[in-house]
Amino acid sequence: MKKIIYALILLLVVVSGLVFANHEFKNEASKKPAPKPITDAERKAAIKQWEATPEGIKFKQWEVSPGGQKVLDGAAKISRHINAFTDMEAVVTSLALPPGSRLGFGVMARINGEDYILSFGLEKSNEFQQLRSLKVNDKIIIKSHSVSYAPKYAYPIVSGEYVERDSKVIYKRAPQKGGC
């Protein structure tokens, strides 16, 4: 009987030692230093390398095409407002995004005579409920931190972060949790 008890105690000591040792290794692995941010030279080299790929070549051809130039000019027109996060007056021109778009919820809007895609992202619960009340020809005030473009779309894409109609805020993007 004593031999069985000693064997069980020895087994318990060995197993707990292995669990403790495994725990120590996991903690050491998580203490790895964070990756260093890339330098400008590394970033430029990566861009050059991407431009040599078939996708990069197609993008460069799109940039110099008349359609690409129109989109880039439209993005440049509002860059001052984007950088300063200031008000932009817009008129809703369509309640639907172009066919085949994969931008989530959004509307088409005209800002200073140019058409833009006003994208709000993927819908979670009733986040865009007040935006659904927009109608064609509604005058709105928008603010955004970013404008982007892609060869797939014939319009610059404005990320909607703040929308006001009739001096009432109808949408304001919630700040990201855990971010800067």
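It should be noted that the structure appears before, not after, this text.
Quantities reported herein were computed from a predicted structural model and do not represent experimental measurements. (Residues numbered from 1 in each chain as written. Predicted model: local features only at pLDDT ≥ 70, side-chain atom pairs only at ≥ 80, totals over all residues. Heavy atoms only, no water.)

Chemist: Is there a simple way to think about the overall build of the protein in this case?
Modeler: Looking only at helices and strands, one finds five helices and eight strands in the protein. The N-to-C order of helical and strand elements in the protein reads α-α-α-α-α-β-β-β-β-β-β-β-β. Scored against the burial criterion, the 180 residues of the protein give a buried share of 28%. Counting only carbon and sulfur atoms, one obtains 59% of the accessible surface of the protein, whose full area is about 13100 Å². (Helix = DSSP H or I, 4+ residues; strand = E, 2+ residues; numbered from the N terminus. Buried < 20%, exposed > 50% of the residue type's maximum accessible area, 1.4 Å probe, protein only. Areas by Shrake-Rupley, 256 points an atom, 1.4 Å probe, with all protein chains shown as cover.)

Chemist: Sorry, what's going on with the side chain of Ser-119 here?
Modeler: Relative to the elements of secondary structure, Ser-119 occurs in strand β3 (residues 114-121). Assessed through its relative accessible area of 9%, Ser-119 is described here as buried. A distance of 3.3 Å separates a polar atom in the side chain of Ser-119 from the backbone oxygen of Leu-103. In this structure, Ser-119 is in contact with Leu-103, Phe-105, Gly-106, Ile-157, Val-158, Ser-159, Gly-160 and Arg-173, ignoring residues within four places of it in sequence. (Polar contact = N/O pair within 3.5 Å; in protein donor to acceptor, adjacent residues only side chain to side chain. Contact = heavy atoms within 4.5 Å.)

Chemist: How should I be thinking about the pairing of strand β4 (residues 139-143) in this particular structure?
Modeler: The two faces of a sheet get side chains in turn, since along a regular strand they alternate between them. Here strand β1 (residues 88-94) runs beside β4; their pairing, made up of four bridges, is antiparallel. The residue bridging Ala-90 from the neighbouring strand is Ile-140, located in β4. Two elements, β4 and strand β7 (residues 162-165), share three bridges in a ladder whose sense is antiparallel. Following the sheet pairing, Lys-143 is matched in β7 by Tyr-162. (Pairing = 2+ DSSP bridges.)

Chemist: Just checking my understanding: could you explain the nonpolar core for this structure?
Modeler: Core analysis: the biggest nonpolar cluster contains 21 residues, and Phe-120, Leu-131, Ile-140, Ile-142 and Val-163 have the highest contact counts within it. At the level of secondary structure, the elements contributing two or more residues to this core comprise β1, β2 (105-111), β3, β4 and β8 (168-172). Sort the elements by how many residues they give to this core and β2 lands first, with four residues. Ranked by size, the runner-up nonpolar core spans six residues in total, among them Leu-97, Leu-103, Met-108 and Ile-157. (Core = buried A, V, L, I, M, F, W, Y, C linked by side-chain atoms within 4.5 Å.)

Chemist: Looking at this structure, how should I read the pattern of salt bridges?
Modeler: One side chain can pair with another of opposite charge once the charged atoms of both are near each other. Per the counting criterion, the structure on display carries seven salt bridges. Sharing partners across several salt bridges, the network here consists of Glu-51, Lys-60 and Glu-63. (Salt bridge = Lys/Arg side-chain N within 4 Å of Asp/Glu carboxyl O.)

Chemist: Looking at this structure, how should I read the sheet that holds β7?
Modeler: Sheets are built from strands paired through backbone hydrogen bonds, the pairs being either parallel or antiparallel. Across the sheet, which stays open at both edges, the eight strands sit in the order β5-β6-β3-β2-β1-β4-β7-β8 with mixed pairing between neighbours. The sheet is open, and its two edges are formed by β5 (147-148) and β8, each paired on a single side.

Chemist: Help me understand the packing of aromatic side chains, please; the structure alone is not making it clear to me.
Modeler: Aromatic ring pairs: the centre-centre distance and the angle between the two ring planes describe each pair. All chains considered together, the criterion is met by eight aromatic pairs. Ring centres 5.6 Å apart and planes at 50° place the aromatic pair Phe-128 and Tyr-171 in the tilted group. Taken together, the residues span a long stretch of sequence, with Phe-128 in the loop between β3 and β4 and Tyr-171 in strand β8 at a distance of 43 residues. As far as the burial class goes, Phe-128 and Tyr-171 line up, both buried. One Lys or Arg, Lys-143, reaches over the ring of Tyr-162 and ends 5.0 Å from the middle of that ring. (Phe/Tyr/Trp six-rings, centres within 6.5 Å; stacked < 30°, edge-to-face > 60°. Lys NZ or Arg CZ within 6 Å of the ring centre and 35° of its normal.)

Chemist: Help me understand the side chain of Glu-63 in this model?
Modeler: Within the element layout of this structure, Glu-63 appears in helix α3 (residues 54-64). Of the residues examined, Glu-63 reaches a relative accessible area of 18% and is grouped as buried.

Chemist: Please explain the pairing of β3 as it appears in this structure.
Modeler: Across the eight residues of β3, seven count as buried, placing the element largely inside the fold. Between β2 and the antiparallel strand that follows it, β3, lie two residues; Asn-112 among them carries a positive phi value of about 50°. Note: β3 against strand β6 (residues 157-159), three bridges, orientation parallel. Bridged to Ser-119 within β6 is Ser-159.

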